[in-house]
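Now for the letters of each chain:
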Amino acid sequence: MRVCIVAEHASTRFGGEAFLPLRYFSLLQARGIETWLIVHSRTRTELAELLPRDMDRILFVPDLWIHRFLFRLSRHLPRRLSEATFGLLNQIITQLCQRSMLRRLIRKQEIDVVHQPIPISPRFPSALFGLGISVVIGPLNGGMEYPAAFRGNESWMSRATIAFLKVFADAGNSLLPGKKRAAVVLVANERTRNALPKRIRGRVIEMNENGIDIETWHSESGNAVRTAPLFVFVGRLVDWKALDIAIRALAQVPTAELDVVGDGPMLETWKSLAQELGVSQHVHFVGRETQPQYAVRLRQSVGLVLPSLYESGGAVVLEAMATAKPVIATRWGGPVDYLDSSCGILVDPQSYGALVMGFAEAMQKLIDHPELAKAMGEAGRKRAVREFDWQRRIDRMIGIYGAVVNKPTFGHELTCHCGACLPHAATK
């Protein structure tokens, strides 16, 4: 079987969904499956460092002037508005280039199946259609809104534009009907399934978006535990991550410290908030770190805090679980798919004040009851290994590839080689 992964980016440095295609490509190659990768040239230097022996199997879309122009325009807009306008146009241009490159690769290398893991948004159109072979898309994860109490956080212009674009989402997916014609569309949850374009022809299967590498995220550590109770936040410093909630909560837990791993446009704002609240000595902005680096921080901590208001996924939740650490998160979006009361504390986003108070109480609870924190961490580790190990995900994905290659057009009688995917999946 020969597979081609098609994605905007494949990177450990770009963060978020860019990590997913890199994992699929690397792990499929490690399994001995002939795999190719088509991505934008922005990640060429990094991929040359990470995968020097595989560069003959990676094709790069050139960085066109239109890419750079749209990117510059997008930087002047709020994030959601930027993604839904200039970001979408940029990705469509990249996909059209990839489609042309992919056609040639299919002829030259006799590719059997194409997999497009990102963009994970269920509404973004896909240009991967009419290729003569089966296409697998996803797992997708989206259909998000802010919690009701926080919907006023966005400007009226941003909300109006997003609403306008949703109305015309089906038109875009009719012009570029990759999702509609795909053999399989994978979705992380029912929320995402409901956000898909209408009239999907292929099978719609539920599969979690994220996974974890058990070897990187483990609970064993020879590192000394920090003297003061430590909590860790990991993520890009953008407004919807709502780090200010964790900082205000920390101000109510005087014995605790907070390590903030990440960078972004809200850095100086949140540094100033920590100073204003008198906790700047307890909040440590450490910048970006590699996964092994912040894995050490997690192992030294009481647990992870994720007060995000717009988190469709949340890979850091799984990473903390695999490190045997409890998670305190907002009861909204992706964390709800991963956590339950056995391995974390979910705080209802009823209001801004309620979230701050809820995070403060949860942090104090884990500090006061270390045996509870340990039990939650152990339960989270077991769940992460059982349900989210990347090796298990690859087993399942290989089964899906094999099924669509053997039966490109199928109905309910389709059987999957891995015995865990297609036979039991709910259809659209």
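Residues numbered from 1 in each chain as written. Predicted model: local features only at pLDDT ≥ 70, side-chain atom pairs only at ≥ 80, totals over all residues. Heavy atoms only, no water.

## Considerations on the packing of aromatic side chains
- Evaluated as defined, the whole model comprises five aromatic pairs.
- Consider the rings of Tyr146 and Tyr310, whose centres lie 5.1 Å apart with planes at 35°: the pair is tilted. Remark: Tyr310 occurs in the loop between strand S11 (303–306) and helix H12 (315–322) and Tyr146 occurs in the loop between strand S5 (134–140) and helix H5 (156–167); sequence separation between them is 164 residues.
- Residue Tyr146 is classed as buried on the basis of its relative accessible area of 6%.
- Pairing Tyr338 with Phe388 gives two aromatic rings, centres 5.3 Å apart and planes at 85°, and the pair type is edge-to-face. Placement of the pair is Tyr338 in helix H13 (residues 334–338) and Phe388 in helix H15 (residues 370–388), with a sequence separation of 50 residues. There is no split in this pair, since Tyr338 and Phe388 are both buried.
- By way of ring pairs, the aromatic residues Tyr146, Trp240 and Tyr310 are connected into one cluster.
- In this structure, Arg99 packs its charged tip against the face of Phe129, placed 4.2 Å from the ring centre.
- A cation over an aromatic ring shows up here: Arg393 above the ring of Trp390, its NZ or CZ 5.0 Å from the ring centre. (Phe/Tyr/Trp six-rings, centres within 6.5 Å; stacked < 30°, edge-to-face > 60°. Helix = DSSP H or I, 4+ residues; strand = E, 2+ residues; numbered from the N terminus. Buried < 20%, exposed > 50% of the residue type's maximum accessible area, 1.4 Å probe, protein only. Lys NZ or Arg CZ within 6 Å of the ring centre and 35° of its normal.)

## Observations concerning the confidence of the model for the protein
- Per-residue pLDDT for the protein averages 87, and the proportion of residues at 70 or more is 88%.
- Averaged pLDDT values for the elements of the protein fall to 65 in H5 and rise to 98 in strand S4 (residues 113–116). (pLDDT = per-residue confidence, 0-100.)

## Details of the packing of helix H1 (residues 19–30) against helix H16 (residues 390–406)
- Interaxial distance between H1 and H16 falls to 11 Å at its minimum, and their mutual angle equals 80°. In this view, H1 runs roughly perpendicular relative to H16, as classed from their interaxial angle. Along its contact with H1, which presents Leu20, Arg23, Tyr24, Leu27 and Leu28, the element H16 presents Trp390, Gln391, Arg393, Ile394, Met397, Ile398 and Tyr401.
- Here the residues of the contact of H1 with H16 are counted per class, giving nine nonpolar, one polar and two charged. (Axes fitted to C-alpha atoms, helices over the stretch in contact; angles between N-to-C directions. Parallel < 35°, antiparallel > 145°, perpendicular 65-115°, else oblique. Contact = heavy atoms within 4.5 Å. Nonpolar A, V, L, I, M, F, W, Y, C, P; charged D, E, K, R; others polar.)

## Thoughts on the nonpolar core
- Of all hydrophobic cores here, the largest spans 67 residues; its most connected members are Phe231, Leu243, Leu258, Val305, Met321 and Ile328.
- Tallying contributions element by element places helix H14 (residues 352–368) first for this core, with eight residues.
- Those residues in contact with Val305 that lie beyond four places of it in its chain are Phe231, Val232, Phe233, Ala246, Leu258, Ile328, Phe359 and Met363.
- Counting residues in hydrophobic clusters, the runner-up holds 33 residues, among them Phe25, Leu28, Leu51 and Trp390. (Core = buried A, V, L, I, M, F, W, Y, C linked by side-chain atoms within 4.5 Å.)

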